[in-house]
Amino acid sequence: MTPTPQTPYAGIAGLLLAAGGGSRLGGRPKALLPYRGRPLAEHAAGVLRAAGCTRVHVVLGAQAAEVRERARLDGCVLVDNPDWPDGMGSSLRAGLHSLAGTGARAALVSLVDQPGIGPAAAARVLAAFQDEHSLASASYDGVRGHPVLLGSAHWPGVAATATGDRGARAYLREHAAELRLVECGDVAEAYDIDTEADLDRLR
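Residues numbered from 1 in each chain as written. Predicted model: local features only at pLDDT ≥ 70, side-chain atom pairs only at ≥ 80, totals over all residues. Heavy atoms only, no water.

**What to know about the confidence of the model for the protein chain**
At step 1: Looking at the protein chain as a whole, its pLDDT mean stands at 93, while 96% of the residues score no less than 70.
At step 2: Considering only residues more than four positions removed or in separate chains, one finds that residues 1-6, a stretch of pLDDT under 50, has five contacts. (pLDDT = per-residue confidence, 0-100. Contact = heavy atoms within 4.5 Å.)

As C-alpha cells, then:
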C-alpha cells in the first residue's frame, strides 16, 4: 500500500547515513560498495522506502559526486555533509537539520553499511511510531541497534549530543527509560561492513 497523508507513517522520513570514507576498507566509501550488482547506498535507501517511509534523505560525504552519479537515488533528498571526516555524529546532525521545516514528525535512521537489515526490521521499528515524542530502536537478542526511530521532539537533544562516531548513542543512553526496544533478531542480521573480511558478506 502506498502511504497517503492519512496513513500513520506519512509523516515519518527515512534518514540514511551514507557519508563515511571507509578508512578500514582502504578508503573505499561504503556507499559505493557493490551489493547485488548495485551500490550499497541504493540498496539501503530502497529498504527505507520498502518499509514505508514516504520521504528519504540520504547524507553523503566521501566521494559524494560519484555516489550521485552511480547510485539510483531518484526521489531521495541528497544531503551533502562537508564535515563527514568528523564522524557519524556530523552526518546525523546534517540529516536532522535537513528535515527541519519538512513537516516530518519522526525520522527512521539507518546506516548504509548494514545490508543484513531489510524492510521487515525497518517496518517493525516504524510501527513503534505514536507521535513526535516517540523513541524506539531495533534490538537484536536484546541489544540495541539500528534502525532507530527519533520523534521530532528529540531532534534538538540528539543533535546537541551527536559528536564523533557516537551518533545518537549518548542521547539514547540518557533516555533509556523512554526508549522502546523492538526485537528484530528473527528477521535481520545486524552486522556492519567495516573491514576487508566483512566484504564476503556482500557476495
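**Some remarks on the pattern of salt bridges**
At step 1: Within this structure, the stated rule accounts for nine salt bridges.
At step 2: Residue Arg38 is joined to Glu42 by a salt bridge in which the shortest nitrogen-to-oxygen separation is 3.0 Å.
At step 3: On the basis of relative accessible area, Arg38 is assigned to the partly exposed category, the value being 26%.
At step 4: We classify Glu42 as buried; its relative accessible area is 14%.
At step 5: Notably, a salt bridge pairs Arg70 with Glu66, separated by 2.9 Å at the nearest N-O pair. With a gap of four residues between them, Arg70 and Glu66 both fall in helix H2 (residues 64-70), about one helical turn apart.
At step 6: Taking relative accessible area as the criterion, Arg70 reaches 40% and is therefore assigned partly exposed. (Salt bridge = Lys/Arg side-chain N within 4 Å of Asp/Glu carboxyl O. Buried < 20%, exposed > 50% of the residue type's maximum accessible area, 1.4 Å probe, protein only. Helix = DSSP H or I, 4+ residues; strand = E, 2+ residues; numbered from the N terminus.)

**Here's the deal with the nonpolar core**
At step 1: Counting residues in each nonpolar core, the largest one holds 45 residues, and the members touching the most others are Leu16, Val58, Val67, Leu108, Val125 and Leu149.
At step 2: Going through the elements one at a time, strand S1 (12-18), helix H1 (40-51), strand S4 (55-60), H2, strand S6 (106-111), helix H4 (119-126) and strand S7 (135-140) are the ones with two or more residues in this core.
At step 3: Broken down by element, the residue count for this core peaks at seven residues, all from H1.
At step 4: Listed in part, the 24 residues of the second largest apolar core include Leu17, Ala19, Ala104 and Val109. (Core = buried A, V, L, I, M, F, W, Y, C linked by side-chain atoms within 4.5 Å.)

**Describing the side chain of Asn81**
At step 1: Along the chain, the position of Asn81 falls in the loop between strand S5 (77-80) and helix H3 (88-99).
At step 2: Judged by relative accessible area, Asn81 falls into the buried class, the value being 4%.
At step 3: When sequence neighbours within four positions are dropped, the list of residues in contact with Asn81 reads Val59, Leu60, Gly61, Ser90, Ser91 and Ala94.

**A short note on H3**
At step 1: The end-to-end C-alpha separation of H3 is 17 Å, in line with the 16 Å expected for twelve residues at 1.5 Å each.
At step 2: Those residues of H3 that fall on the buried side of the exposure criterion are Gly89, Ser90, Ser91, Leu92, Ala94, Gly95, Leu96 and Leu99.
At step 3: Turning to H3, the residues buried within the fold contact S1, S4, S5, S6 and helix H5 (155-161).
At step 4: Immediately beyond the C-terminal end of H3, within one or two residues, lies Gly101, with a positive phi of roughly 85°. (Expected span 1.5 Å × (residues − 1).)

**Looking at H4**
At step 1: Of all the residues in H4, the buried ones are Ala121, Ala122, Val125 and Leu126. Around the axis of H4, the buried residues are gathered within 140° of arc, so they sit on the same side.
At step 2: On its buried face, H4 sits against S1, H1, S6, S7, strand S8 (143-151) and strand S9 (180-183). (Arc of directions from axis to C-beta.)

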